[in-house]
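Descriptive analysis of the structure
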Amino acid sequence: MKTEELEAIGLSKEQIQKVFELNGKDVNKFKKTESENQRLKEDNAALTKRAETAEETLKGFEGKDYESMSKELEEWKDKYKNDTEEYQRQIHDRDYNDAIQEHISGLQFTSESAKKAYIADLKAAELSMKDGKVYGLTDFLASYKESDSNAFVKEEKKPTTPEVTLTKPLGDDSKRTENKQNLRRMSYKEIVKLKQDNPEQYKQLKEGE
């Protein structure tokens, strides 16, 4: 879908921009769903592998004496601890990267190198994360924009146009219209009072003179 194709069917620039915005949101939703599915596959594969390792370890204890079993059990505990820490680190890194990708999807960079530099600095910052959510992104972005504002595309502010009341010189026709409108704005009692107190003015308003 290109701008030229949308212009060809008669869409305005504002409508085209809206179409791209909506399309971008749909693409981001699809990517997020795809990422979550991949995450579930990876988690399932890791849990399956750990279960298989535990099963093999238990089978290895069969027919061994207590001393040998105790020694191997301690080794297995150390290995399990190291594997668990490595697994948790991988999960953390994956979730952190996913959160960064979602974060930068709403940013506009002046170049690909600026984008890569921002991602690298954000990873190096190692912000705290809980339940897949990274905390401090807003403050990090604000601070980064202060130190390197050229990394981001500046938003163009539309000039504010002051409201101007256009007036049209009153000719004969416009004056008549104005007089009739003034008469219609008056209440019934005001019209009766005007007719009694100033019949000449009432006549002018009524006739639109």
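Residues numbered from 1 in each chain as written. Predicted model: local features only at pLDDT ≥ 70, side-chain atom pairs only at ≥ 80, totals over all residues. Heavy atoms only, no water.

**Some remarks on the overall build of the chain**
A count of helical and extended segments in the chain gives eight helices and two strands. Counting helices and strands in the order they occur from the N terminus, the chain gives α-α-α-α-β-β-α-α-α-α. Counting the 209 residues in the chain, one finds 17% classified as buried. The contacts of the chain with a sequence gap of at least 6 include a subset with a gap of at least 24, amounting to 48%. Taken as a whole, the chain presents about 17,300 Å² of accessible surface, with 50% of it coming from carbon and sulfur. (Helix = DSSP H or I, 4+ residues; strand = E, 2+ residues; numbered from the N terminus. Buried < 20%, exposed > 50% of the residue type's maximum accessible area, 1.4 Å probe, protein only. Contact = heavy atoms within 4.5 Å. Areas by Shrake-Rupley, 256 points an atom, 1.4 Å probe, with all protein chains shown as cover.)

**Observations concerning the side chain of His103**
With respect to the element layout, His103 can be found in helix H3 (residues 66–104). A relative accessible area of 17% places His103 in the buried class. At 2.8 Å, the side chain of His103 forms a polar contact with the side chain of Tyr118. If we skip the residues at most four places from it in the chain, His103 touches Tyr118, Leu122, Leu137 and Leu141. (Polar contact = N/O pair within 3.5 Å; in protein donor to acceptor, adjacent residues only side chain to side chain.)

**Some details on the environment of Arg89**
Looking at the element boundaries, Arg89 is found in helix H3. Take Arg89: its relative accessible area is 41%, and that puts it in the partly exposed class. At 2.9 Å, the side chain of Arg89 forms a polar contact with the side chain of Asp93.

**What about the packing of helix H4 (residues 112–125) against helix H5 (residues 137–147)?**
Two elements in contact, H4 and H5, have axes whose closest approach is 12 Å; the angle formed by their N-to-C orientations is 130°. If you check the angle between H4 and H5, you find them oblique. Two packed elements cross with a definite hand, and for H4 against H5 that hand is right-handed. Here Ala117, Tyr118, Asp121, Leu122 and Ala125 of H4 lie close against H5, whose contacting residues are Leu137, Phe140, Leu141 and Tyr144. Split into classes, the residues belonging to the contact of H4 with H5 amount to eight nonpolar, no polar and one charged. (Axes fitted to C-alpha atoms, helices over the stretch in contact; angles between N-to-C directions. Parallel < 35°, antiparallel > 145°, perpendicular 65-115°, else oblique. Left-handed = near helix turned anticlockwise from the far one by under 90°. Nonpolar A, V, L, I, M, F, W, Y, C, P; charged D, E, K, R; others polar.)

**Side note on the nonpolar core**
Note that soluble globular proteins tend to have their nonpolar side chains buried in a common cluster. Membership of the largest hydrophobic core comes to 18 residues, with the highest contact counts inside it found for Tyr118, Leu122, Leu127 and Phe152. If sequence neighbours within four positions are ignored, Leu122 has contacts with Tyr96, Ile100, His103, Leu127, Leu137 and Phe140. (Core = buried A, V, L, I, M, F, W, Y, C linked by side-chain atoms within 4.5 Å.)

**Details of the pattern of salt bridges**
The final tally for this structure, using the stated rule, is four salt bridges. Residue Arg89 pairs with Asp93 through a salt bridge whose shortest N-O separation is 2.9 Å. With Arg89 and Asp93 both in helix H3 and four residues apart, the pair spans about one turn of that helix. Residue class for Asp93 comes out partly exposed when judged on its relative accessible area of 31%. Two residues, Asp95 and Arg94, come together in a salt bridge whose shortest N-O distance is 3.3 Å. (Salt bridge = Lys/Arg side-chain N within 4 Å of Asp/Glu carboxyl O.)

**As for H5**
Listed in full, the buried residues belonging to H5 are Leu137, Phe140, Leu141 and Tyr144. One side of H5 holds all its buried residues, which, seen down the axis, span an arc of 95°. Exposed positions of H5 whose direction lies more than 90 degrees from the buried face are Thr138, Asp139 and Glu146. (Arc of directions from axis to C-beta.)

**Some details on the packing of aromatic side chains**
Applying the stated criterion across every chain, the model contains seven aromatic pairs. Ring centres of Phe109 and Phe152 lie 5.2 Å apart, and the angle between their planes is 35°; on these two criteria the pair is classed as tilted. One end of the pair, Phe109, is in the loop between H3 and H4; the other, Phe152, is in the loop between H5 and helix H6 (172–185), with 43 residues separating them in the sequence. Owing to a relative accessible area of 14%, Phe109 belongs among the buried residues under this scheme. Between the aromatic rings of Tyr144 and Phe152, the centroid separation amounts to 6.1 Å while the plane-to-plane angle is 85°, which identifies the pairing as edge-to-face. Exposure remark for Tyr144: the relative accessible area of 10% places this residue in the buried category. Between the NZ or CZ atom of Lys145 and the centre of the ring of Phe152, over which it lies, the distance is 5.5 Å. (Phe/Tyr/Trp six-rings, centres within 6.5 Å; stacked < 30°, edge-to-face > 60°. Lys NZ or Arg CZ within 6 Å of the ring centre and 35° of its normal.)

**Looking at the confidence of the model for the chain**
Averaged over every residue, the pLDDT of the chain is 75; residues scoring 70 or more account for 66%. The least confident element of the chain is H6, whose mean pLDDT is 65; the most confident is H4, at 92. Below pLDDT 50 for its whole length, residues 161–171 participates in two contacts with residues either more than four positions away or in separate chains. (pLDDT = per-residue confidence, 0-100.)

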